[in-house]
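Observations on the model geometry
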Number of protein chains: 4
Amino acid sequence: MGDKVYSEKQIAIFNAIIELMKNGINPYSIKVSDIAEAAGIGKGTIYDYFNSKEEAISEAILYSVAKEIEYGYSRIKSQDSFKEKFYELLYMIAEKSADNVSTFNMLLSIGEISKLYEFLLDEKYDLSEYVYMANQIIKHILKAGIEEGIISTTESIPYQIIVTNSLIMGFSQYIRQKDLYPHVSLEETIEMCYKAVVKVLN
Amino acid sequence: MGDKVYSEKQIAIFNAIIELMKNGINPYSIKVSDIAEAAGIGKGTIYDYFNSKEEAISEAILYSVAKEIEYGYSRIKSQDSFKEKFYELLYMIAEKSADNVSTFNMLLSIGEISKLYEFLLDEKYDLSEYVYMANQIIKHILKAGIEEGIISTTESIPYQIIVTNSLIMGFSQYIRQKDLYPHVSLEETIEMCYKAVVKVLN
Amino acid sequence: MGDKVYSEKQIAIFNAIIELMKNGINPYSIKVSDIAEAAGIGKGTIYDYFNSKEEAISEAILYSVAKEIEYGYSRIKSQDSFKEKFYELLYMIAEKSADNVSTFNMLLSIGEISKLYEFLLDEKYDLSEYVYMANQIIKHILKAGIEEGIISTTESIPYQIIVTNSLIMGFSQYIRQKDLYPHVSLEETIEMCYKAVVKVLN
Amino acid sequence: MGDKVYSEKQIAIFNAIIELMKNGINPYSIKVSDIAEAAGIGKGTIYDYFNSKEEAISEAILYSVAKEIEYGYSRIKSQDSFKEKFYELLYMIAEKSADNVSTFNMLLSIGEISKLYEFLLDEKYDLSEYVYMANQIIKHILKAGIEEGIISTTESIPYQIIVTNSLIMGFSQYIRQKDLYPHVSLEETIEMCYKAVVKVLN
DNA sequence: GATGAATGAGACTTCATTCAT
DNA sequence: GATGAATGAAGTCTCATTCAT
């Protein structure tokens, strides 16, 4: 994680691609000329750093996921209690939900990345590292809950992870469909989610 | 729902598109010639029934979602108890998880359809009907749970729906990433999910 | 002239094509489906009577030209004096100038028909008959002028025809560009044209 | 007039289109691949300089008309007397009559350009400038005739223009149908035309 | 005889990629 | 190293023509 070194130009290209996606452009609809313009470089330059448009987009997505996972993990680690850590995660998800393509969300459902962009299925991209990291974050949060006695050790670790993951993903969906369900505030939703996790795992 | 009438040819085109998507072809990557070949018709024929490729694909997706929702609802209704209804839903999700694009999954996160295919954002496609139906299914299942005394009425309806929805979506994700988490069987996962819902809403 | 016999259906097709052209549709832009709809028949029927769209349109144009020449000739013959005959011709041209494609105008410049529709260049279409007829009309009018002593016999017949033809074509252009030159009335223009012919040939 | 600046590539494309038209290809029948081949460029390049095939052809026609009007005007201006100017115009028309589509002829009947290619009717193309220029040329020639006392000032300017225009157009038609009227030489026809103008307007 | 649903050749256009500058 | 003009493969879509009914 984070062991890959990218040149300044590559990072400019990544940021351009991520910006386009956040603005609602589907990765399949992104044109090389869009990327070049957004990055403030010539079209040809992209091919000096990547072998194809698909490679550039694929690596941009992975770069973004990695960065967001690291950033998220650090923010969560900086919190002290189980409740604070859990709330921090949900707040981050809510913050990112404005982005049309939140790579942060993928943190929770890495397997879905390839639904976003089929070229990520290529075997040259190893997603397992990200799955591992995402699990680590959940484990880290749960560990705090267990230490604080909020979460019991009766249930198996996989059970705890699956259930927690589910509720977080459910929260994420809910937030993104806010316009479909306008009656409940963000605060209330976060409280509901926390309450449900505690109840299920206490 | 189901009030739209399609000609035989249109349905053949829909089935061809759905088949392609189930085989893992991204809607953005589908070519008109693919559809024609899969439907066993000429390319031009598609334009006798739809104004553009995008329209054909958009309507195919909606057709599939509508059909699956109806089919799923009927299967769930045919079950007698809360547990049977809930299990039936999870079994269906598991069955469909082999399809690369399970429109059934969209039942649970209709808002995500437009992430699958941006052209569905066009205002001529009204997705609210599907959102409503999806909610109806969850309500129908929960109602059985309440009547059987398995689910308490302490919590608000929105809370119950959000939490149930979350856990089902979480289950769906889990199933689809089976290869990433090979240690737990399908049966066990279904049981876990049911157990969690009961615990959180009892 | 007029010795070709057409079936009712063929004439319906001709009329449909002529109608479309009068409504401003360029012969190159006419579609078989347009013709069928305008004629109130099925597309396939057109191919029962013509070998191709081009043949149908080509023959429709020639049919229209022949009909208009005959009609024009008869109207001019029915007039008694040189001036009446000449005015009758100009009136007819003015009447037809509303038609986007006046086949009547072609009477005067048959050679231009093939500019209208290149397929008329095919050697199977003999336009010389029409050229002959157009010349006959001019000769007929001039003959009256000579008999009445309005036109002198000093100049050669070709000279008389060329000059008369030129002035008539000029009139026709002028009428069709009425919106570009709005200051002169139709009556005045007709008078000018007549006056010029008389002056040049007296 | 002549104030539009075109790139070298655009002019190459214009020349290719004009060449095709001079070779007898109807503008409606011109294919993008024809243009590309004739211009010695790739098909895609055309779309770097024009938004559509129709735009390229429309602008090519206008470019050609503008260039020919300017060229023609300069040639006529360089002549000293009325007769020389008039003869120069008729010679030019005769020279150009070999071109299947003489944009020079349009100089005399600009309103007909849109009959040649309907896309020129688009309001983004302003043809009035060309109409004005064409009139200027006729006025310039007539002015010389008046100054030399060959043309009287008895008749109104519009009358003079209409009649002159008509006789020139008539000449142009005649020349182009040379094969239909083989008995009169070019020299004789030019003389006839000049003689008629002088007689009508003296 | 008449039809119009179906076809597929062929046109227009886009855009990823190259390469001379 | 960087560029963007140029390319042409490949895709969408149209429409003349066919042929089963």
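All values derive from a computational prediction rather than experimental measurement.

A short note on the overall build of chain A
Assigned secondary structure in chain A consists of ten helices and zero strands. The secondary structure elements of chain A, listed N-terminal to C-terminal, are α-α-α-α-α-α-α-α-α-α. For chain A, buried positions account for 57% of its 202 residues. Here the contacts in chain A between residues at least 6 apart in sequence split such that 68% fall between residues at least 24 apart. Counting every atom, chain A has about 8900 Å² of accessible surface; 50% of that belongs to carbon and sulfur.

Considering the interface of chain C and chain D
Tallying the contact residues gives 35 residues for chain C and 34 residues for chain D. Buried area between chain C and chain D, both sides added, is near 3300 Å², and the carbon and sulfur share of it is 60%. When the area that chain C buries against chain D is broken down by residue, the three leading residues are Ile162, Met192 and Lys199 of chain C, summing to 17%. Taken together, the connections running from chain C to chain D amount to two salt bridges. Glu155 of chain D is paired through a salt bridge with Lys195 of chain C; the nearest N and O atoms lie 2.9 Å apart.

Description of the pattern of salt bridges
A full pass over the atoms with the stated rule returns 24 salt bridges over all chains. The salt bridge partner of Lys96 of chain B is Glu68 of chain B, with a shortest N-O separation of 3.6 Å. Of this pair, Lys96 of chain B sits in helix 5 (residues 82-96) while Glu68 of chain B sits in helix 4 (residues 53-77), and the two are 28 residues apart along the sequence. The buried category is assigned to Lys96 of chain B, whose relative accessible area is 16%. On the basis of relative accessible area, Glu68 of chain B is assigned to the buried category, the value being 7%. Residues participating in the shared-partner salt-bridge network are Arg75, Glu88 and Glu95 of chain A.

Side note on the interface of chain B and chain A
Note on interface size: it is often stated as the accessible area lost on association of the parts. Contacts between the two partners involve 35 residues from chain B and, on the opposite side, 35 residues from chain A. In total, chain B and chain A occlude about 3300 Å² of area from one another, counting both sides; carbon and sulfur atoms represent 60% of this. Applying the counting rule to chain B against chain A returns two salt bridges. Between the two partners, chain B and chain A, sit ten residue pairs in polar contact (both at pLDDT 80 or more). Here the element with the most residues in the side of chain B that touches chain A is helix 9 (residues 157-176) of chain B; it accounts for twelve residues. Of the residues contributing to the side of chain B that touches chain A, the split by class is 17 nonpolar, eleven polar and seven charged.

Here we look at helix 2 (residues 32-39) of chain A
Residue and element names in this part refer to chain A. All of the buried residues along helix 2 are Val32, Asp34, Ile35, Ala36 and Ala39. Buried positions along helix 2 lie against helix 1 (8-22), helix 3 (43-49) and helix 4 (53-77). Looking one or two residues beyond helix 2, the residue adopting positive phi is Gly40, at roughly 70°.

A few points about helix 10 (residues 186-201) of chain D
Given a rise of 1.5 Å per residue, 16 residues ought to cover 22 Å, and the 23 Å separating the end C-alpha atoms of helix 10 of chain D matches this to within 8%. Thr189, Ile190, Met192, Cys193, Tyr194, Ala196, Val197, Val198, Val200 and Leu201 of chain D are the residues of helix 10 of chain D that are buried. Among the structural elements, helix 9 (157-176) and helix 10 (186-201) of chain C together with helix 5 (82-96), helix 8 (128-147) and helix 9 (157-176) of chain D are those in contact with the buried residues of helix 10 of chain D.

Some words on the protein's contact with DNA strand F
Near DNA strand F, the surroundings consist of 30 residues, among which Thr45 of chain A, Tyr47 of chain B together with Lys9, Thr45 and Tyr49 of chain D are the closest. A distance of 3.5 Å is found between a phosphate oxygen of DNA strand F and a side-chain nitrogen or oxygen belonging to Lys31 of chain C. One of the side-chain N or O atoms of Tyr47 of chain C is found 2.6 Å from a phosphate oxygen in DNA strand F. Of all the elements in the fold, those that place two or more residues in the surface near DNA strand F are helix 3 of chain A, helix 3 (43-49) of chain B, helix 3 (43-49) of chain C together with helix 3 (43-49) of chain D. For the surface near DNA strand F, the class distribution of residues is ten nonpolar, eight polar and twelve charged.

What about the relation of the copies chain B and chain A?
Screw-axis analysis of chain B against chain A gives a translation of 0.1 Å along the axis, an RMSD of 0.1 Å, and a rotation angle of 179°. Such a combination of turn and shift is consistent with a two-fold rotation axis. Within chain B, the C-alpha atom positioned nearest to the axis of rotation is that of Val200 of chain B, 2.5 Å from it. Most of the interface of chain B is mirrored in chain A, where 100% of its interface residues are also at the interface.

Focus: the relation of the copies chain C and chain D
Taken as rigid bodies, chain C and chain D are interconverted by a rotation of 179° and an axial shift of 0.1 Å, the fit giving an RMSD of 0.1 Å. Both copies share a contact surface, since 97% of the interface residues of chain C are interface residues in chain D too.

Here's the deal with the state of the cysteines
Under the defined criterion, the tally for this structure stands at zero disulfides over all chains. You can see Cys193 of chain A has no disulfide; the closest cysteine sulfur is in Cys193 of chain B, sitting 14 Å from it.

What about the environment of Ile141 of chain D?
Residue and element names in this part refer to chain D. Mapped onto the secondary structure, Ile141 falls in helix 8. For Ile141, a relative accessible area of 2% puts it in the buried group. When the C-alpha positions of Ile141 and Glu84 are compared, they lie 9.4 Å apart, and in sequence the two are 57 residues distant. Filtering out sequence-adjacent residues up to four positions away, Ile141 remains in contact with Ile76, Phe82, Lys85, Phe86 and Leu89.

Notes on the environment of Ser58 of chain C
All names here are of chain C. By the secondary structure assignment, Ser58 is in helix 4 (residues 53-77). In this structure Ser58 comes out as buried when scored by relative accessible area, which is 0%. Measuring from C-alpha to C-alpha, the distance between Ser58 and Ile137 comes to 24 Å, with 79 residues separating the pair along the chain. In contact with Ser58, not counting residues within four places along its chain, are Tyr117, Phe119, Leu120 and Tyr125.

Brief notes about the protein's contact with DNA strand E
What surrounds DNA strand E is a group of 30 residues, the closest being Lys9, Thr45 and Tyr49 of chain B, Thr45 of chain C together with Tyr47 of chain D. Restricting attention to atoms of DNA strand E within 4 Å of the protein, one finds that 69% of them are sugar or phosphate atoms. Between a phosphate oxygen of DNA strand E and a side-chain N or O atom of Tyr49 of chain C, the distance comes to 2.9 Å. Taking Lys31 of chain D, its side chain carries an N or O atom lying 3.3 Å from a phosphate oxygen of DNA strand E.

As for the packing of helix 5 of chain B against helix 9 of chain B
Residue and element names in this part refer to chain B. As a packed pair, helix 5 and helix 9 sit with axes 10 Å apart at the nearest point and diverge in direction by 35°. Note that helix 5 runs across helix 9; the crossing there is right-handed. Contacts between helix 5 and helix 9 involve Phe86, Leu89, Leu90, Ile93 and Ala94 from the former and Thr164, Ile168, Phe171, Ser172 and Ile175 from the latter. In the contact of helix 5 with helix 9, the residues fall into eight nonpolar, two polar and no charged.

Description of the packing of aromatic side chains
Residue and element names in this part refer to chain C. Within this structure, the stated rule accounts for 44 aromatic pairs over all chains. Ring plane angle 70° and centroid distance 5.5 Å describe the contact between Tyr87 and Tyr194, whose orientation is recorded as edge-to-face. With Tyr87 in helix 5 (residues 82-96) and Tyr194 in helix 10, the pair connects residues that are 107 residues apart, well separated along the chain. On the basis of relative accessibility, which here comes to 15%, the residue Tyr87 falls in the buried class.

What counts and what doesn't
Residues numbered from 1 in each chain as written. Chains lettered and ligands numbered in written order. Predicted model: local features only at pLDDT ≥ 70, side-chain atom pairs only at ≥ 80, totals over all residues. Heavy atoms only, no water. Helix = DSSP H or I, 4+ residues; strand = E, 2+ residues; numbered from the N terminus. Buried < 20%, exposed > 50% of the residue type's maximum accessible area, 1.4 Å probe, protein only. Contact = heavy atoms within 4.5 Å. Areas by Shrake-Rupley, 256 points an atom, 1.4 Å probe, with all protein chains shown as cover. Buried area = accessible area lost by both parts, 1.4 Å probe. Salt bridge = Lys/Arg side-chain N within 4 Å of Asp/Glu carboxyl O. Polar contact = N/O pair within 3.5 Å; in protein donor to acceptor, adjacent residues only side chain to side chain. Nonpolar A, V, L, I, M, F, W, Y, C, P; charged D, E, K, R; others polar. Expected span 1.5 Å × (residues − 1). Near = heavy atom within 4 Å. Least-squares fit on C-alpha atoms with pLDDT ≥ 70 in both. Disulfide = S-S within 2.5 Å. Axes fitted to C-alpha atoms, helices over the stretch in contact; angles between N-to-C directions. Left-handed = near helix turned anticlockwise from the far one by under 90°. Phe/Tyr/Trp six-rings, centres within 6.5 Å; stacked < 30°, edge-to-face > 60°.

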